[in-house]
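# Breakdown of the fold
Given next are the chains, with one letter for each unit.
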Amino acid sequence: MMNKILVSACLMGFKVRYDGSEKAQMTEQLQRWHQEQRLVIHCPELAAGLPTPRPPAEIVSTDDQDVMQTQIRIHEITGQDVTEHYQLAAWLALRTAQESGCTAALLTDGSPTCGSQFIYDGSFSGKRKSGMGVAASLLTEHGIAVFSEKRLADLIAWIDEKER
């Protein structure tokens, strides 16, 4: 069985990041998977109706609680609370992955939505901390393996193992 992969649209060259940029990672492997129609290209923030560009947003918390819990807030650099928009983005990513039969996700690290290895600490100072964004957390909770763009080799090995 061919495993499908939810992939952040910005990694595929779409200019959908908060600042209107992309983080293209079109490696030979991703190109092959794209041709095999394995990739489900998705931007959770755009799906939730957030504009491009948009103010930077970070998870504001004092501990490492589940980012989908209501005690955790996501604020833009302007101070506006956008938690509900980002939680909707996470649920839409999960729905897209499930409806498309995705078993894994390749997401952009650092994002308050897609971060899987690290997120920013909520101070808007560029300081990182380990943690997960809302979509990465929700996908993981529902059994979808999440990989950051820096762990593409791990995703390739994971897919190869699953398909043996």
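Let me sum up the structure you'll find in this document. Given the structure is predicted, the values throughout are model-derived calculations rather than measurements.

Mapping Arg38 onto the fold places it in the loop between α1 (28–35) and β2 (39–42). In this structure Arg38 comes out as buried when scored by relative accessible area, which is 7%. Within the structure, Arg38 has its side chain in polar contact with the side chain of Glu36 (distance 2.6 Å). The residues contacting Arg38, other than those within four sequence positions of it, are Met2, Asn3, Lys4, Ile5, Trp33, Ile159 and Glu163.

To continue, consider the pairing of β2. Here strand β1 (residues 4–8) runs beside β2; their pairing, made up of four bridges, is parallel. Within β2, the residue paired with Val7 across the bridge is Ile41. Between β1 and its parallel partner β2, the chain crosses via α1, and the hand of that crossover is right-handed.

This brings us to the state of the cysteines. For the structure on display, the rule yields zero disulfides. The cysteine Cys43 is free of any disulfide, with Cys10 supplying the nearest cysteine sulfur at 6.9 Å. By relative accessible area, which is 11% here, Cys43 ends up buried. A disulfide-free cysteine, Cys102 has its sulfur positioned 13 Å from the sulfur of Cys114, the nearest such atom.

Quick look at the layout of surface pockets now. If you add up the space inside the largest pocket, you get close to 430 Å³. What lines the largest pocket is a set of 25 residues, and nearest its centre among them are Arg17, Tyr18, Gly110, Ser111 and Pro112. Mapped by element, the contributors of at least two residues to the lining of the largest pocket are α2 (44–47) and β3 (57–60). Of the residues assigned to the lining of the largest pocket, the class counts are 13 nonpolar, six polar and six charged.

Below, the discussion takes up the packing of aromatic side chains. One pair of aromatic rings is described through two measures. These are the centre distance and the angle between the planes. Applying the stated rule across the entire model yields two aromatic pairs. With a centroid separation of 5.7 Å and an interplanar angle of 85°, the aromatic rings of Phe118 and Tyr120 are classed as edge-to-face. The class for Tyr120 is partly exposed, based on a relative accessible area of 29%.

A few words now on the nonpolar core. In this structure, Leu6, Ile74, Tyr86, Ala105, Leu107 and Leu139 are the most contacted members of the largest nonpolar core, which totals 25 residues. For this core, the elements supplying multiple residues, two or more each, are β3, α3 (83–100), β5 (102–107) and α4 (134–141). Filtering out sequence-adjacent residues up to four positions away, Leu139 remains in contact with Leu6, Ala93, Leu94, Ala97, Ala105, Leu107, Ile144 and Val146. Met12, Val16, Trp33 and Leu155 belong to the second largest nonpolar core, which has 18 residues in total.

For α1, the set of buried residues is Gln29, Leu30 and Trp33. For α1, the angular spread of buried residues about the axis comes to 95°, placing them on one side. Facing away from the buried surface of α1 by more than 90 degrees, the exposed residues are Glu28 and Gln35. Buried residues along α1 sit in contact with β1, β2, β5 and α5 (152–162).

Basis of the calculations
- Residues numbered from 1 in each chain as written.
- Predicted model: local features only at pLDDT ≥ 70, side-chain atom pairs only at ≥ 80, totals over all residues.
- Heavy atoms only, no water.
- Helix = DSSP H or I, 4+ residues; strand = E, 2+ residues; numbered from the N terminus.
- Buried < 20%, exposed > 50% of the residue type's maximum accessible area, 1.4 Å probe, protein only.
- Polar contact = N/O pair within 3.5 Å; in protein donor to acceptor, adjacent residues only side chain to side chain.
- Contact = heavy atoms within 4.5 Å.
- Pairing = 2+ DSSP bridges.
- Right-handed = clockwise from strand over helix to strand, strands pointing away.
- Disulfide = S-S within 2.5 Å.
- 1 Å grid on protein atoms, 1.4 Å probe; cavity = no way out; pocket = protein on both sides within 12 Å on 5 of 7 lines; lining within 4 Å.
- Points joined across faces, edges and corners; volume = space filled by probe spheres on them.
- Nonpolar A, V, L, I, M, F, W, Y, C, P; charged D, E, K, R; others polar.
- Phe/Tyr/Trp six-rings, centres within 6.5 Å; stacked < 30°, edge-to-face > 60°.
- Core = buried A, V, L, I, M, F, W, Y, C linked by side-chain atoms within 4.5 Å.
- Arc of directions from axis to C-beta.

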